[in-house]
Amino acid sequence: MLEAREFPPIFLCPVCKAPQLITSKYASTFLFIYQPPKSCQEVLLGITGKDFTLIAASKAAMRGATILKASDDKTRQLNKHTLMAFSGEAGDTVQFAEYIQANAQLYSMRNEADLSPSAMANFVRRELASSLRSRKPYMVNLLLGGVDPITDKPSLHWLDYLAALAPVPYAAHGYAQYYCLSILDKHHQPDIDLERGLELLRLCTDELKRRLPIDFKGVLVKVVTKDGIREIDYDDSKQVQSA
Amino acid sequence: MSSPFSINGGACVAMVGKDCVAIACDLRLGLQSLTVSNNFPKIFPYGDVYLGLTGLATDVATVSDLLRYKVNLYRLREERAISPQTLANLVSSSLYERRFGPFFVSPVIAGINHTTGKPFICGFDSIGCIDFAKDFIVSGTASDQLFGTCEGLWEPDLAPEDLFETISQALLNAVDRDALSGWGAHVYIIEKDKVTKRLLKGRQD
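Residues numbered from 1 in each chain as written. Chains lettered and ligands numbered in written order. Predicted model: local features only at pLDDT ≥ 70, side-chain atom pairs only at ≥ 80, totals over all residues. Heavy atoms only, no water.

Chain B is annotated in an unreviewed UniProt entry as Proteasome subunit beta from Glutinoglossum americanum. Quoted verbatim from the Function (unreviewed entry) field of the UniProt record, the comment on chain B reads "Component of the proteasome, a multicatalytic proteinase complex which is characterized by its ability to cleave peptides with Arg, Phe, Tyr, Leu, and Glu adjacent to the leaving group at neutral or slightly basic pH. The proteasome has an ATP-dependent proteolytic activity." (UniProt positions renumbered as here; feature names shortened; annotations may be inferred.)

By the naming in an unreviewed UniProt entry, chain A is Proteasome subunit beta, taken from Glutinoglossum americanum. Recorded under Function (unreviewed entry), the UniProt text for chain A is reproduced unchanged: "Component of the proteasome, a multicatalytic proteinase complex which is characterized by its ability to cleave peptides with Arg, Phe, Tyr, Leu, and Glu adjacent to the leaving group at neutral or slightly basic pH. The proteasome has an ATP-dependent proteolytic activity."

Structure (structure tokens):
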């Protein structure tokens, strides 16, 4: 019985202390790779309600300490009622998202039916999981928001770069987790309407503006309902007083 | 904290009773100290045999999916349900296939063999070494605590209702002493002709 087996130390992200582990099936030893620290500062937020799923993603495209763009869209529409938001290593993110998007659209064309959000989440998880044990894994954190086309039930799936999948009522990635999950723990109810959902989102983004050391340039907000996906005008101009 | 087995947290336990077995798991999914989900069950049914998987959450999902695929093919080929003993050997060989790049999981199996009618439980390490036990099997980040509670509470030939109480108390009291496990539990009591699944609320903090 292999009990107290020694593992090489897992590196912790120097910024957020998140474990940075990647295994490689080609090597008998383990290969460890850092998740780029800046991905912790990207904001991804998801909130489900009675008949909708809200997805918010920060608009700043960062490279090192520089903000290259203040109107970045970190989301891709997979089919009529599934939206995917992503953060992580530059390059990997868009490459992976558009690969998934293309396959989702191929499936819709071939079968004249869309994959349900949970089926889509399991497909994405499998792709990410097989990439995890390859020579160069994708370093991508994802949120998948959708509304089931048959049951009209909203859903939200949380996926990290290790391909751990969890269906959740609300979720966040990066530093936003530390600020927003506790707010949503207190205020979220499963049967809220869109108006209340946006109020909760406002609570979250205000807190992020108040506490995050860097400016994430506001969030792009999209909502998934049974009628499809639309962008919501979200006013980010208001100054938030720091505590 | 330097092990992939304790990034996401979680606990699982299986016990033998009189003509019955029980298996239970907690529901937490975390990233180190941060809880991401409080509804992440770690027990998966394969016919009437149950498999508990603790460890790295990505591998819990990968291994459970892989075994679902293999067990479904087994059922189609053999035209009968898989026995707990066969599943144990299937899990063992599937894990040993990855000897030099293992799945970071500690599986637990519980079931009743339908030809002999005998209860069966066993556990594994991450590379497939089977640990047969006559009493109980524990796994996960709360395994030290579970050894204590099981050693203290378990006795031979428990009836299904008593076994439920024993395994529930053993699990709940163990996860309350582990920061990485908890947030409620699923408990399965497996008898010859019925399986009872119960959801325990547990401490929500």
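Next comes the rest of the account.
What follows covers the sheet that holds strand E10 (residues 154–159) of chain A. Residues and elements named next belong to chain A. Taken together, the 5 strands give an open sheet; going across it, the order is E7-E8-E9-E10-E11, and neighbouring strands pair in antiparallel fashion. Strands at the two margins of the open sheet, each flanked by one partner only, are strand E7 (75–79) and strand E11 (165–167). Taking each pair of neighbouring strands and ignoring which way they run, the sheet shows an average axis angle of 20°. As paired elements, strand E8 (residues 82–88) and strand E9 (residues 140–147) share 7 bridges and run antiparallel to each other. For Phe86, the partnering residue across the bridge sits in E9 and is Leu142. Of the strands in this sheet, E7, E8 and E9 touch helix H1 (residues 92–111), which is tilted by about 15° from E7. (Pairing = 2+ DSSP bridges. Helix = DSSP H or I, 4+ residues; strand = E, 2+ residues; numbered from the N terminus. Axes fitted to C-alpha atoms, helices over the stretch in contact; angles between N-to-C directions. Contact = heavy atoms within 4.5 Å.)

Turning to the confidence of the model for chain A, a few remarks are in order. Residues at a pLDDT of 70 or more form 84% of chain A, whose mean pLDDT is 88. Here residues 1–5 of chain A is a poorly scored stretch, pLDDT under 50, and it has 11 contacts once near neighbours within four places are set aside; other chains count. (pLDDT = per-residue confidence, 0-100.)

Moving on, we come to the pattern of salt bridges. Residues and elements named next belong to chain A. This structure, assessed with the given rule, holds 17 salt bridges over all chains. Two residues, Glu207 and Arg210, come together in a salt bridge whose shortest N-O distance is 3.1 Å. Residue Glu207 and its partner Arg210 are both found in helix H4 (residues 194–211); the two are separated by 3 residues, about one turn of the helix. Between Asp215 and Lys217 there is a salt bridge, and its shortest N-O distance comes to 3.3 Å. Given the relative accessible area of 46%, Asp215 is considered partly exposed. Looking at Lys217, the relative accessible area reads 35%, which means it is partly exposed. Through salt bridges with shared partners, a single network forms among Glu89, Asp92 and Lys136. (Salt bridge = Lys/Arg side-chain N within 4 Å of Asp/Glu carboxyl O. Buried < 20%, exposed > 50% of the residue type's maximum accessible area, 1.4 Å probe, protein only.)

Turning our eyes to something else, we now look at a nonpolar patch on the surface. Judged by side-chain polarity, Tyr69(B), Leu73(B) and Leu76(B) come together as a nonpolar surface patch covering roughly 340 Å² of accessible area. As for its position among the elements, Tyr69(B) is in helix H1 (residues 57–78). (Patch = residues over 30% accessible without salt bridge, like charges linked within 9 Å, V, L, I, M, F, W, Y side chains within 5 Å. Areas by Shrake-Rupley, 256 points an atom, 1.4 Å probe, with all protein chains shown as cover.)

Overall, the coordinates contain 5 aromatic pairs over all chains when judged by the stated rule. Between Tyr50(B) and Tyr188(B) the ring centres are 4.7 Å apart and the planes differ by 40°, which places this aromatic pair in the tilted class. Here Tyr50(B), found in strand E6 (residues 49–55), pairs with Tyr188(B), found in strand E11 (residues 185–191); they are 138 residues apart in sequence, far enough to count as distant. Like Tyr50(B), the residue Tyr188(B) is buried in the burial classification. Taken together, a centroid distance of 6.2 Å and an interplanar angle of 70° make the contact between Phe136(B) and Trp154(B) edge-to-face. Taken together, the residues span a long stretch of sequence, with Phe136(B) in strand E10 (residues 136–140) and Trp154(B) in the loop between helix H3 (143–153) and helix H4 (160–175) at a distance of 18 residues. The burial state of Phe136(B) is the same as that of Trp154(B); both residues are buried. Between Arg202(A) and the ring centre of Tyr234(A), over which it is positioned, the NZ or CZ distance is 4.2 Å. For the cation-ring pair, Arg198(B) lies above Phe164(B), with the distance from its terminal atom to the ring centre recorded as 4.2 Å. (Phe/Tyr/Trp six-rings, centres within 6.5 Å; stacked < 30°, edge-to-face > 60°. Lys NZ or Arg CZ within 6 Å of the ring centre and 35° of its normal.)

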